[in-house]
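Summary of structural features
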Amino acid sequence: MMYCVPNRLIAAAFIVMVAGCGTATETIAEGDRRLSPAAQAQLSENLSQWVAEYQAQDEIPGVAMAVVMDDGILLLETWGDRDLAQQLPVTPQTLFHIGSTHKSMTALLGAIAVDRGLLEWDAPLVETFPELTLADPDATENLTLRHLLSMRSGIHSDAEDDFEVDTATPEDLADYIAELELFSQPGDKFSYSNLSVSLAGYLIALAERPDQDPFPDQDPFPAHAALLQSWILDPIGMDDAVLQRSDALRGGNVAVPYRWDDTEGDWVTAEPEDFDDDVLAPSGGLKASVEDMAAYLITQVQGGVTPGGDRLVSAANLAATWEPRWGTYAMGWEVADYPDLWVLHHEGLYDNQLSIIGLLPDYGLGFVVLTNSAEAAENLIADVTDYLVEQVERLED
């Protein structure tokens, strides 16, 4: 089981950031490309029609989309059903599994921890956690938070294949990583790793509780969940979002995952992958509504200021999560290759639900699409960033 982005993104060449787009810090502070009110209204109308056509054409059971600009919402709309059998429509509060789009939230936790002086992006983690070990002593001495969150820790994506995730605890995760043969030294090579980002999530939680027993003798899963709630979900106003599957089901307004059955000639409920106390939750465990994600994106495009106007994180440390140090994968974000326009995005695929979030920082714009069938929504998710960029650049003129 993996939280992942589709293979076409994992396999993409990771190249140097597009020249001319500026650094993350500059863009947060100085991005000044804006759409007129008329252009914003036209963008919303065009996107709504385009997604509606895609949903009907590809028979996607349920879709939710939001587009934000600065501190406002340009578009928040839903299409189709969260439950086909009961004919229950998707609503703005329907919970979808957001998959690896959650990784940017773990990176945001890291940014807040750096703000608070609990950790540093580029300081060896062993200085804070002397018990942390890797199979290679040099790697142990050099591993940093940035390495883990940018997936340049030396942990290969294939390492997840032999990890018994269904029964593992965070201590099991740490023990498993401690024995792995690394495929590179930290910082040298990229490999998409849920293990790496999940370890980062637990270390951040442990750094926030220095008076507790040292890692890995305590179970940091509850601490991580509590930290996500208190540092991100509550301040931003992500009122529907939950980590635990049982909490999502208890609320009732949950998108059912679907797959196509050739024998039935119809959509059938996919076998659920999600479960409570998933050790890889920091890499993609959150269930969230499109309203939740709109609030999250407003916080991102405002440089760390929540929809309520409170500063959650410094612009500088939020910018660090956006800006790749090596290649085009930053920390929970990938820089897309568009001439003269800086675009960040990340896909999420888990529990047969496919999603994407993205930022166009120069316009103060963010977007999210949530769906409940990865099979049906593949083309929509693959095309939405291109379509949005095309529309924005055309309407700016």
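Cut-offs applied
- Residues numbered from 1 in each chain as written.
- Predicted model: local features only at pLDDT ≥ 70, side-chain atom pairs only at ≥ 80, totals over all residues.
- Heavy atoms only, no water.
- 1 Å grid on protein atoms, 1.4 Å probe; cavity = no way out; pocket = protein on both sides within 12 Å on 5 of 7 lines; lining within 4 Å.
- Points joined across faces, edges and corners; volume = space filled by probe spheres on them.
- Helix = DSSP H or I, 4+ residues; strand = E, 2+ residues; numbered from the N terminus.
- Nonpolar A, V, L, I, M, F, W, Y, C, P; charged D, E, K, R; others polar.
- pLDDT = per-residue confidence, 0-100.
- Contact = heavy atoms within 4.5 Å.
- Buried < 20%, exposed > 50% of the residue type's maximum accessible area, 1.4 Å probe, protein only.
- Phe/Tyr/Trp six-rings, centres within 6.5 Å; stacked < 30°, edge-to-face > 60°.

**Notes on the layout of surface pockets**
- Considering only enclosed or pocket space, the largest pocket measures out at about 300 Å³ in volume.
- Together, 21 residues line the largest pocket, and Leu249, Val254, Ala255, Val256 and Pro257 are the ones closest to its centre.
- The biggest single contributor to the lining of the largest pocket is helix α10 (residues 245-251), with 3 residues.
- Taken together, the residues of the lining of the largest pocket break down into 11 nonpolar, 4 polar and 6 charged.

**Looking at the confidence of the model for the protein**
- Averaged over every residue, the pLDDT of the protein is 90; residues scoring 70 or more account for 89%.
- Counting contacts from residues 5-27, a segment whose pLDDT is below 50, to residues more than four positions away or on other chains yields 48 contacts.

**Some words on the environment of Gln55**
- With respect to the helices and strands, Gln55 occurs in helix α3 (residues 37-57).
- Classification of Gln55 as buried rests on a relative accessible area of 15%.
- Expressed as a C-alpha distance, the spacing of Gln55 and Thr371, which sit 316 residues apart in the sequence, is 9.8 Å.
- With residues near it in sequence (within four places) discarded, Gln55 still touches Ile60, Pro61, Val63, Trp79 and Gly80.

**Points about empty space enclosed by the protein**
- If you walk through the whole model with that rule in mind, you get 2 cavities of 30 Å³ or more.
- Together, 11 residues line the second largest cavity, and Leu243, Phe275, Asp278, Ala281 and Lys287 are the ones closest to its centre.
- Looking at side-chain class alone, the lining of the second largest cavity contains 5 nonpolar, 2 polar and 4 charged residues.

**Observations regarding the packing of aromatic side chains**
- Enumeration according to the criterion identifies 7 aromatic pairs in this entry.
- Plain terms: the ring middles of Trp260 and Trp267 are 5.1 Å apart, the flat faces sit at 80° to each other, and that makes the pair edge-to-face.
- Given a relative accessible area of 29%, Trp260 falls into the partly exposed group.
- Given a relative accessible area of 14%, Trp267 falls into the buried group.
- Aromatic side chains Trp322 and Trp342 sit 5.9 Å apart centroid to centroid with 65° between the ring planes, which places their arrangement in the edge-to-face category. Taken together, the positions of Trp322 in helix α12 (residues 315-322) and Trp342 in strand β9 (residues 341-350) put the pair 20 residues apart, joining distant regions of the chain. Side by side, Trp322 and Trp342 carry an identical accessibility label, which is buried.
- An aromatic cluster is defined as three or more aromatic residues linked by ring pairs; in this entry it consists of Trp50, Tyr54 and Tyr387.

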